[in-house]
Structure formats: C-alpha cells, structure tokens
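Single-letter residue listing:
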Amino acid sequence: MATKEQATDALVSVALRKALSGARVEVKLALPEGGAELQPEVEVTFPQRTSARQRNAALLLLAAQVELRTPAQEHWLVESAVLDSGLTGRVHLLLLGDGGPRPTRDEAERGLQVLHRALR
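Residues numbered from 1 in each chain as written. Predicted model: local features only at pLDDT ≥ 70, side-chain atom pairs only at ≥ 80, totals over all residues. Heavy atoms only, no water.

When the charged atoms of two side chains lie near each other, side chains of opposite charge can form a pair. Applying the stated criterion across every chain yields a total of 8 salt bridges. Between E109 and R105 there is a salt bridge, with the nearest N and O atoms lying 3.3 Å from each other. Of this pair, E109 and R105 both sit in helix α3 (residues 105-118), 4 residues apart, which is roughly one turn of that helix. A relative accessible area of 31% places E109 in the partly exposed class. Residues participating in the shared-partner salt-bridge network are R24, E26, K28, E41, E43 and R90. (Salt bridge = Lys/Arg side-chain N within 4 Å of Asp/Glu carboxyl O. Helix = DSSP H or I, 4+ residues; strand = E, 2+ residues; numbered from the N terminus. Buried < 20%, exposed > 50% of the residue type's maximum accessible area, 1.4 Å probe, protein only.)

The next subject is the pairing of strand β4 (residues 88-95). Burial of β4 is extensive: 7 of the 8 residues sit out of reach of the surface. Summarising the sheet, strand β3 (residues 76-82) and β4 pair through 7 bridges and their orientation is antiparallel. Paired with V78 across the strands is L93, a residue of β4. Taken together, β3 and the strand that follows it, β4, pair antiparallel across an intervening segment of 5 residues, in which G86 is found at a positive phi of about 85°. (Pairing = 2+ DSSP bridges.)

Now for the sheet that holds β4. Strand order in the open sheet formed by 4 strands is β1-β2-β4-β3, and the pairing between neighbours is antiparallel. Strands with a single pairing partner mark the edges of an open sheet, and in this sheet they are β1 (24-30) and β3. When strand polarity is set aside, the average angle formed by the axes of neighbouring strands in this sheet is 15°. Sitting on the sheet, helix α2 (residues 52-69) touches β2 (39-45), β3 and β4, and the angle it makes with β3 is about 170°. (Axes fitted to C-alpha atoms, helices over the stretch in contact; angles between N-to-C directions. Contact = heavy atoms within 4.5 Å.)

What follows covers the environment of S51. Inspection of the secondary structure puts S51 in the loop between β2 and α2. C-alpha separation for the pair S51 and L87, spaced 36 residues apart in sequence, amounts to 8.6 Å.

It is worth spelling out the nonpolar core at this point. With 20 residues, the main nonpolar core has V44, F46, L62, V66, V78, V91 and L93 as its most contacted residues. Mapped by element, the contributors of at least two residues to this core are β2, α2, β3, β4 and α3. Considering every element that reaches this core, the biggest residue donor is α2, with 5 residues. Excluding residues within four positions of it along the chain, V44 makes contact with L20, A23, R24, V25, L59, L62, L87, T88 and G89. (Core = buried A, V, L, I, M, F, W, Y, C linked by side-chain atoms within 4.5 Å.)

Let us look at α2. End to end, α2 covers 26 Å across 18 residues, agreeing with the expected 26 Å (1.5 Å per residue, within 8%). Looking at the buried residues of α2, the elements they touch are α1 (4-19), β2, β3, β4 and α3. (Expected span 1.5 Å × (residues − 1).)

What follows is the structure in structure tokens.
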C-alpha cells in the first residue's frame, strides 16, 4: 500500500504531465538578471492556445513537484514566474548557500538533479 507522500507525489506527477502536454520544457543553469550566481531553472514555453489559467496551474504544479522532491537539508527557495511573452514561464531555485553566504557549484548541480527528477 502506498504512503500518503507517495500518493500525493503520484497525483502531482500525473497532473503535471497533463499540464505540460505540448509545451517545450528546458532544464538549465541560468544567470539571473543582475546576478553573478548560476541559478537552476526549468523554462517552459506553452503552445499558442494555452490560457493564462492553464499556464499558471502548470507552473504551480511544477513548483509543487520540485518542493516534494527537495531534500529537507537543502537551503533554497522554489519560485515561479511568467516571462514577458505570457506563453513562457519558469520555475527556478533561489540558492541560499551551502553552509556559507554564497551558493556553490555543488548546490547548483544538486538543484538541477531535483529539477530533472521533478519532470520524470
């Protein structure tokens, strides 16, 4: 029998796959505006016919899946945003530093792994 966490994860996974159907999804390390640190992110470009509600729901589901997949010991925030075109959005990790004031490359790599796992 599945645990409550497994059941929640399965439900979010199915909903996320449906919400991202037809979208172009890219996982990458991006350099945020005015920032000097690389930031793990998923950029999603939705089809032309996607409504704002569908887009917002997909981004929220993706952010929820990232939260569910993030180990408790990690120090980052999961954020989502709609980009200028309105058909593009992103979910990114705001790295808070791995035992220090500045994010490390290892922390960024772990974040990328979590983003990839969230999309499986």
